[in-house]
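Chains, contacts and geometry: an overview
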Amino acid sequence: FNVETTFSSSNHLDKACLFKDNANFKDCSFSQETNFSEVIFEADTDFSRSTFSVISFQGAIFYQNVRFHQSIFKNNVDFFDTSFKKMVKFYLSEFYEAQQFHTTDFLDRAIFSNTVFHKEAQFLHNKVENNSYINFESAKFKRGLDISRSNFNCNLNFFNVKVEEEGDEYIFKHLEEVKYKDHSREHTEEAFPSVYQQLRETYRIIKNNFYSQNNRIEGLKFYKREMSVYKREIRLLSWDKILLLANQFSSNFGTSWSRGVLFTVSAGIITLLPISCNLKFSLTSEGVGNFLKALVDVLNLTDWNDMSILGEKLTNWQYIFLFIGRIFIAYGIYQTVQAFRKYGKS
């Protein structure tokens, strides 16, 4: 199809374009603008291995199965108010521009397995049934995914999904560019959640889906992403911001035990330095041994009575430094233990 093609209603007639039998568009190339708006497909439809330039399915209804296997969408596709009554498959398809599924109905099975979204993807105010099945297995989202308002209260599969972290960085740096087309003009921009809230809610949904399947390994990855976005969302310095920064720095949100050990030892060294200023540690083996012994004394949270460092009793000020330092040491130990048991049940 090398010219602009329209299959939708013409001459403003009420009667919609209707495909009563199977519609076969396999291996087609739509190089110009193509319009399937308000078209009714009563039988199976196949767009497999087709290439689309500018395409609209706005208001179209698919009563039977429709396949977009290995299809290429060079521009964004208008799926506003599109209704898929039965299975729709985008297996191995690629979307090269920001893509939105706005008030798109997925009433049976929607298969996005191995689909690649090269830019942002958003599912907004979709209609599903309780037994609907949305499959994102091995799908790749290179610049972010938003399902925060998708209404996906149905069976979901995110196995091996890739929401690339580089996409988050792109979105945060280009907030003004990341705007999806919204057919509703009745609300002001302030009525919508921020990009931070949308991403955080998306990661929460994916995390909870993995947890519901007892897949804590994958769930923890999205828990970390959820907390990282929340840290960005809190712009002003507050206790929540400080706690999130400390949590990230000490154990990467409970996922890195090695970072917890490093944080704990570093807190011990920082505590030891001001309370041992009158002690000299040489670079000899004996000096290094004394330093390590002193560090162990500081890290030992059970030893408080008549505390001394290498035989030197602590002064009142040194006790104060030790008390403050051990707060951070205890926090580091707690974070290390939490990270060690990250795959256990919470």
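Summarised in this report is the structure supplied together with it.

Let us look at the side chain of Ser250. With respect to the element layout, Ser250 can be found in helix 4 (residues 239-251). For Ser250, a relative accessible area of 0% translates into the label buried. Within polar-contact distance, the side chain of Ser250 engages the side chain of Gln335 at 3.1 Å. Among all residues touching Ser250, those that are not within four sequence positions of it are Ser256, Arg259, Gly260, Phe263, Tyr331 and Gln335.

Our next topic: the packing of aromatic side chains. Two measures describe an aromatic ring pair: the distance that separates the ring centres and the angle between the ring planes. Under the counting rule described, the total for this entry stands at 59 aromatic pairs. Ring geometry for Phe112 and Phe123: centres 5.4 Å apart, planes at 85°, overall edge-to-face. Here the residue Phe112 occupies a position in the loop between strand 19 (109-111) and strand 20 (116-117), and Phe123 occupies one in strand 21 (residues 121-124), the gap between them amounting to 11 residues. Each member of the pair, Phe112 as well as Phe123, is classed as buried.

For Ser138, which is not a glycine, the phi torsion comes out positive at approximately 60°. Relative to the helices and strands, Ser138 resides in the loop between strand 23 (133-135) and strand 24 (140-141). A positive phi angle, close to 65°, is found at Asn160, a residue other than glycine. Relative to the elements of secondary structure, Asn160 occurs in the loop between strand 26 (155-157) and strand 27 (162-163).

Structurally, the position occupied by Ser50 is in the loop between strand 7 (45-46) and strand 8 (51-52). What makes Ser50 buried here is its relative accessible area of 0%. Looking at Ser50, its side chain comes within polar contact range of the main-chain oxygen of Phe25, at 2.6 Å. When residues no more than four places from it in sequence are discounted, the contact partners of Ser50 are Phe25, Lys26, Asp27, Cys28, Gln70, Ser71 and Ile72.

Conventions adopted
Residues numbered from 1 in each chain as written. Predicted model: local features only at pLDDT ≥ 70, side-chain atom pairs only at ≥ 80, totals over all residues. Heavy atoms only, no water. Helix = DSSP H or I, 4+ residues; strand = E, 2+ residues; numbered from the N terminus. Buried < 20%, exposed > 50% of the residue type's maximum accessible area, 1.4 Å probe, protein only. Polar contact = N/O pair within 3.5 Å; in protein donor to acceptor, adjacent residues only side chain to side chain. Contact = heavy atoms within 4.5 Å. Phe/Tyr/Trp six-rings, centres within 6.5 Å; stacked < 30°, edge-to-face > 60°.

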